[in-house]
Amino acid sequence: MKYKAVILDLDGVICHTDQYHYEAWRTIADELGIIFNEDINNRLRGVGRMQSFDIILENYDKAMSEDEKLFYTDKKNSIYVDLLHAMTPLDVDPDVMSTLSAIRARGIKMAIGSSSQNAKMILHKIGLFSFFEAISDGTNITRTKPDPEVFLLASEYLDIDPPWCIVVEDAKAGVDAAKSVNMDCAAIGDAADYAPATYSLGKLSDLLKYL
Ligand code: G6P
Ligand code: MG
């Protein structure tokens, strides 16, 4: 067996909540009159909430206090959480669901490795909270991707050393995080053509041929 564990990012890999992040940040950027587009949004993939806002503020020409930053990041999160409320198990693509089942059938352990503080709520909503052996998310890390902390914690929770783990990511920051600690990385979506990744996936089920 080449890998003993698969560590999966959540937003943009298991479900399409990356679109909701985009929508919520766009509302905030519009309110502040800041330019915001897909290219800027792609830089926010895998990056924590406050760090994401700092990237958005690169295009803001006024000063913003820490209190104001908190106000806007809280507001972004309320908009985002409202969008999450309508989610159900039907938001998991059939290709994703069948791939997760196939990985489990092969006896390979699975964990979530996400920078999001909303990860557990999303997993409950899509009916996958109990599916994974471990969840490492934005509530237990001190540094966001590209720091590898979230993946190292996942490998620790699973009790499987990094070289036996493969990470699945749609964020370039996530690919960098995995590679920096000797984990192979299968990249999908926005990161699919990112050269440092070990494998490029068109859809999640492409992963099965590399396990
Ligand atoms: C994931 C997403 C990022 C998001 C981060 C924090 O990594 O890819 O776009 O900023 O989680 O999410 P949160 O739900 O805690 O605001
Ligand atoms: Mg992601």
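Residues numbered from 1 in each chain as written. Chains lettered and ligands numbered in written order. Predicted model: local features only at pLDDT ≥ 70, side-chain atom pairs only at ≥ 80, totals over all residues. Heavy atoms only, no water.

1. Digging into the coordination of the magnesium ion (ligand 2)
Protein coordination at the magnesium ion (ligand 2): the donors are Asp9 (OD), Asp11 (O) and Asp170 (OD), at 2.0 to 2.2 Å from the metal. Sequence spacing of the donors to the magnesium ion (ligand 2): D-x1-D-x158-D. Within this pair, whereas Asp9 is found in the loop between β1 (5-8) and α1 (17-32), its partner Asp170 is found in the loop between β4 (165-169) and α8 (172-180), the two being separated by 161 residues in sequence. For the pair shown, Asp9 and Asp170 are each scored as buried. (Donors = N, O, S within 2.8 Å, 3.2 Å for Na, K, Ca; no water. Helix = DSSP H or I, 4+ residues; strand = E, 2+ residues; numbered from the N terminus. Buried < 20%, exposed > 50% of the residue type's maximum accessible area, 1.4 Å probe, protein only.)

2. Re the pairing of β4
Extensive coverage of β4 is indicated by the burial of five of its five residues. Burial of β4 is two-sided: the residues Cys165, Val167 and Glu169 facing one way and the residues Ile166 and Val168 facing the other way are all buried. Of the strand pairs in this sheet, β4 and strand β5 (residues 184-188) are connected by four bridges, and their pairing is parallel. Residue pairing in the sheet places Val167 in a bridge with Cys185 of β5. Tracing the backbone out of β4, into α8 and back to the parallel element β5 gives a crossover that is right-handed. (Pairing = 2+ DSSP bridges. Right-handed = clockwise from strand over helix to strand, strands pointing away.)

3. Things to note about the domain arrangement of the chain
Taken as a whole, the chain is organised into domain 1 (5-15 + 88-210) and domain 2 (18-84). On a C-alpha basis, the centres of domain 1 and domain 2 stand 24 Å from each other. Between domain 1 and domain 2, the residue contacts involve 15 residues of the former and 13 residues of the latter. It is Asn118, Thr144 and Asp190 in domain 1 that bury the most area against domain 2; as a group they hold 34% of the surface buried on that side. Linking domain 1 to domain 2 there are one salt bridge. For Arg45, the salt bridge is made with Asp170, and the minimal N-O distance between the two is 2.7 Å. Broken down by element, the residue count for the side of domain 1 that touches domain 2 peaks at three residues, all from helix α6 (residues 119-125). Here the side of domain 1 that touches domain 2 is built from residues that sort into five nonpolar, five polar and five charged. (Domains from an automatic or database assignment. Contact = heavy atoms within 4.5 Å. Buried area = accessible area lost by both parts, 1.4 Å probe. Salt bridge = Lys/Arg side-chain N within 4 Å of Asp/Glu carboxyl O. Nonpolar A, V, L, I, M, F, W, Y, C, P; charged D, E, K, R; others polar.)

4. Remarks on the pattern of salt bridges
Close approach of charged atoms allows side chains of opposite charge to pair. Inspection of the entire model under this criterion finds twelve salt bridges. Where Asp9 meets Lys145, a salt bridge forms, and the shortest distance between an N and an O atom there is 3.1 Å. With Asp9 in the loop between β1 and α1 and Lys145 in the loop between β3 (134-136) and α7 (149-158), this pair connects stretches of sequence that are 136 residues apart. In this pair, the class of Asp9 matches that of Lys145, namely buried. One salt bridge connects Arg143 with Asp147, and the closest N-O pair in it is separated by 2.8 Å.

5. Looking at the environment of Tyr72
Assignment of secondary structure puts Tyr72 in helix α4 (residues 66-84). Along the sequence, Tyr72 and Met50 sit 22 residues apart, while their C-alpha atoms lie 9.6 Å from each other. Those residues within four positions of Tyr72 in sequence are excluded, and the remaining contacts are Ile28, Glu31, Leu32, Phe53 and Met64.

6. Here's the deal with the site of ligand 1
The local shell around ligand 1 holds 15 residues, among which Val47, Arg49, Ser116, Gln117 and Asn118 are the closest. Backbone polar atom of Val47 to an oxygen atom of ligand 1: 2.6 Å apart, as the coordinates give it. Here Ser116 contributes a side-chain N or O atom positioned 2.7 Å from an oxygen atom of ligand 1. The protein chains hide 97% of the 390 Å² of surface that ligand 1 would expose on its own. Elements with a contribution of two residues or more to the shell around ligand 1: α3 (49-56) and α4. Here the shell around ligand 1 is built from residues that sort into three nonpolar, eight polar and four charged. When residues of the shell around ligand 1 are sorted by domain, at least three fall in each of domain 1 (5-15 + 88-210) and domain 2 (18-84). (Near = heavy atom within 4 Å. Polar contact = N/O pair within 3.5 Å; in protein donor to acceptor, adjacent residues only side chain to side chain. Areas by Shrake-Rupley, 256 points an atom, 1.4 Å probe, with all protein chains shown as cover.)

7. Remarks on the packing of aromatic side chains
A complete count under the given rule lists six aromatic pairs for this structure. Here the aromatic rings of Phe53 and Tyr72 are separated by 6.2 Å at their centres, their planes lie at 40 degrees, and the arrangement is tilted. Of this pair, Phe53 sits in helix α3 while Tyr72 sits in helix α4, and the two are 19 residues apart along the sequence. Assessed through its relative accessible area of 12%, Tyr72 is described here as buried. Measuring from centroid to centroid gives 5.0 Å for Phe71 and Tyr72, while their planes differ by 80 degrees, and the two rings are edge-to-face. Given a relative accessible area of 46%, Phe71 falls into the partly exposed group. The rings of Trp25, Phe53, Phe71 and Tyr72 are connected pair by pair, giving a single aromatic cluster. (Phe/Tyr/Trp six-rings, centres within 6.5 Å; stacked < 30°, edge-to-face > 60°.)

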